[in-house]
Amino acid sequence: QKEVEQNSGPLSVPEGAIASLNCTYSDRGSQSFFWYRQYSGKSPELIMFIYSNGDKEDGRFTAQLNKASQYVSLLIRDSQPSDSATYLCAVNPGRGSTLGRLYFGRGTQLTVWP
Amino acid sequence: NAGVTQTPKFQVLKTGQSMTLQCAQDMNHNSMYWYRQDPGMGLRLIYYSASEGTTDKGEVPNGYNVSRLNKREFSLRLESAAPSQTSVYFCASSEEGVPNYEQYFGPGTRLTVT
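These remarks concern the structure in this document. As a convention, each chain's residues are numbered from 1 in the sequence order in which they are written. The naming scheme follows written order: chains are lettered A onward, ligands numbered 1 onward. Local features in a predicted model are, by the rule used here, given only for residues with pLDDT of at least 70; side-chain atom pairs are given and counted only at 80 or more, and totals for whole chains, interfaces and linings are based on all residues. Remark: hydrogens and water are excluded; side-chain values derive from all non-hydrogen atoms of the structure.

**Some thoughts on the overall build of chain B**
Part 1 of the reasoning: Helical segments are the DSSP runs of H or I of at least four residues, strand segments are the runs of E of at least two, and each set is numbered from the N terminus. What chain B contains, in helices and strands, is zero helices and 11 strands.
Part 2 of the reasoning: Secondary structure of chain B in N-to-C order comes out as β-β-β-β-β-β-β-β-β-β-β.
Part 3 of the reasoning: For chain B, the C-alpha atoms occupy an extent of roughly 40 × 30 × 25 Å along the three principal directions.
Part 4 of the reasoning: Categorising residues by exposure relies on relative accessible area from a 1.4 Å probe, with only protein chains included: less than 20% of the type maximum marks a residue as buried, more than 50% marks it as exposed, and the intermediate range marks it as partly exposed. Residues classed as buried in chain B amount to 46% of the 114 residues present.
Part 5 of the reasoning: Charge assignment in this entry is limited to Lys and Arg as positive and Asp and Glu as negative, and neither His nor the chain termini are counted. Note on charges: their place is set at NZ of Lys, CZ of Arg, CG of Asp or CD of Glu. Both charge centroids of chain B, one from 10 positive and one from 10 negative side chains, sit 9 Å from each other.

Structure, rendered in structure tokens:
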């Protein structure tokens, strides 16, 4: 069973703060990692992916990957009320019969208050 | 370019009724997926199709059948609906290319079984 665990939340931060979202995974051989954002009543949309150890930055978002610790995180700098959503961590094993399949965590609900 | 489309958007069924959820993508993707999303449970994979003509079970396949009609279309059938199948259903598609297996999601079908 390939498990993906996210910090339970909900997470509440003030506008302008850094929001930190965390995710751990059980399959040590996992290849690529995704962060999806889902607004209430909408479908998930991809905001970041990462497959190499270290940091990857895209605007206010930074994904961090540590394969040795089986840990991936998403930092949102200068958080805005429009960032209020549920954030889903997804992991791709990248091999064998599960090629292409993603395993999702349960999500962390983030609220950014003005 | 519509991306991933799903029909219907909403549906109410009585226990024991059958229905088919339709999904189509216009991105020429090989892989397609059906998920269900329940409160607090994240996204759970029902079935997926790595290519035209192939389908595989995901985490929660019981009570469902699928058909990969052609490269564009992937349908999900509930033969005898049960209240436990009340959920939001998302279809997704992805291209295969190491290491990025980004999945694109449709808008979802909100199904209630009474």
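**Here we look at the interface of chain B and chain A**
Part 1 of the reasoning: Throughout, a residue-residue contact means that at least one pair of heavy atoms, one from each residue, lies within 4.5 Å. Taken together, the contact between chain B and chain A spans 23 residues of the former and 23 residues of the latter.
Part 2 of the reasoning: Summing the contributions of chain B and of chain A, the shared interface buries around 1900 Å²; its carbon and sulfur component is 56%.
Part 3 of the reasoning: Salt bridges are identified by distance alone: a Lys or Arg side-chain nitrogen within 4 Å of an Asp or Glu carboxyl oxygen. Here chain B is connected to chain A by zero salt bridges.
Part 4 of the reasoning: Two N or O atoms count as a polar contact when they lie within 3.5 Å, although within protein this holds only if one can serve as hydrogen donor and the other as acceptor, and sequence-adjacent residues are included solely when both atoms are side-chain atoms. Inspection of the chain B/chain A interface yields four residue pairs in polar contact (both at pLDDT 80 or more).
Part 5 of the reasoning: Of all the secondary-structure elements, those providing two or more residues to the side of chain B that touches chain A are strand S4 (31-38), strand S5 (42-49) and strand S10 (103-105) of chain B.
Part 6 of the reasoning: Per-element tally for the side of chain B that touches chain A: the top contributor is S5 of chain B, with four residues.
Part 7 of the reasoning: When residues are sorted by character, Ala, Val, Leu, Ile, Met, Phe, Trp, Tyr, Cys and Pro go into the nonpolar class, Asp, Glu, Lys and Arg into the charged class, and all the rest, Gly among them, into the polar class. For the side of chain B that touches chain A, the per-class residue count stands at 11 nonpolar, seven polar and five charged. Buried area: the sum, over both parts, of the accessible surface (1.4 Å probe) that disappears when the two are put together.

**Some points on the state of the cysteines**
By definition, a disulfide is the covalent link that joins the sulfur atoms of two cysteine residues.
Part 1 of the reasoning: In this description, a disulfide is simply a cysteine sulfur pair whose atoms lie within 2.5 Å. On inspection of all chains with the given rule, the structure shows two disulfides over all chains.
Part 2 of the reasoning: Between the sulfur atoms of Cys-23 of chain A and its disulfide mate Cys-89 of chain A the distance is 2.0 Å. Judged by the torsion about the S-S bond (-75°), the Cys-23 of chain A/Cys-89 of chain A disulfide is left-handed. A residue pair is termed long-range when its members are at least 10 positions apart, and Cys-23 of chain A in strand S3 (residues 19-25) and Cys-89 of chain A in strand S9 (residues 85-92) qualify at 66 residues. The residues Cys-23 of chain A and Cys-89 of chain A share a single accessibility class, namely buried.
Part 3 of the reasoning: The disulfide that involves Cys-23 of chain B links it to Cys-91 of chain B, with 1.9 Å between the sulfurs. On the sign convention where negative means left-handed, the S-S torsion of about -75° between Cys-23 of chain B and Cys-91 of chain B marks this disulfide as left-handed.

**Let's talk about the environment of Thr-112 of chain B**
Residue and element names in this part refer to chain B.
Part 1 of the reasoning: Here Thr-112 is to be found in strand S11 (residues 109-113).
Part 2 of the reasoning: Under the relative-accessibility criterion, Thr-112 is labelled partly exposed at 35%.
Part 3 of the reasoning: Taking the C-alpha atoms as reference points, Thr-112 and Ser-84, 28 residues apart in sequence, are found 9.3 Å from one another.
Part 4 of the reasoning: Other than its neighbours up to four places away in sequence, Thr-112 contacts Gln-11, Val-12, Leu-13 and Thr-86.

**With respect to the sheet that holds strand S1 (residues 4-6) of chain A**
Residue and element names in this part refer to chain A.
Part 1 of the reasoning: Following DSSP output, two strands are said to pair if at least two bridges run between them. If you trace the five strands from one edge of the open sheet to the other, you get S1-S3-S8-S7-S6, paired in antiparallel fashion. Strands with a single pairing partner mark the edges of an open sheet, and in this sheet they are S1 and strand S6 (54-58). Sheet twist, expressed as the average angle between the axes of neighbouring strands with direction ignored, equals 20°.
Part 2 of the reasoning: Pairing geometry for S6 and strand S7 (residues 61-66), over five bridges, is antiparallel. Note that in S7 the partner of Asp-58 across the bridge is Phe-61. Interaxial angle, 0 to 180 degrees, is taken between N-to-C directions of lines fitted to C-alpha atoms, where a helix line uses only the stretch in contact.

**Focus: the pairing of strand S7 (residues 64-68) of chain B**
Residues in a regular strand project their side chains so that they alternate between the two faces of the sheet.
Residue and element names in this part refer to chain B.
Part 1 of the reasoning: Side chains of S7 alternate between two faces, with Tyr-64, Val-66 and Arg-68 buried and Asn-65 and Ser-67 left unburied.
Part 2 of the reasoning: Of the pairings in the sheet, the one linking S7 to strand S8 (residues 74-78) comprises five bridges and is antiparallel in character. Residue pairing in the sheet places Val-66 in a bridge with Leu-76 of S8.
Part 3 of the reasoning: From the end of S7 to the start of S8, which pair antiparallel, there are five residues.

**As for the packing of aromatic side chains**
Residue and element names in this part refer to chain B.
Part 1 of the reasoning: Ring geometry is summarised as follows: Phe, Tyr and Trp rings, the Trp one being its six-membered ring, pair when their centres sit within 6.5 Å, and such pairs are stacked at plane angles under 30 degrees, edge-to-face over 60 and tilted between the two. Applying the stated criterion across every chain yields a total of 12 aromatic pairs over all chains.
Part 2 of the reasoning: Residues Tyr-33 and Tyr-35 carry aromatic rings whose centres are separated by 6.3 Å and whose planes lie at 25° to one another, so their mutual orientation is stacked. When sorted by exposure, Tyr-33 lands in the same class as Tyr-35, which is buried.
Part 3 of the reasoning: Ring geometry for Phe-90 versus Phe-105: centroids 6.3 Å apart, planes at 85°, classification edge-to-face.

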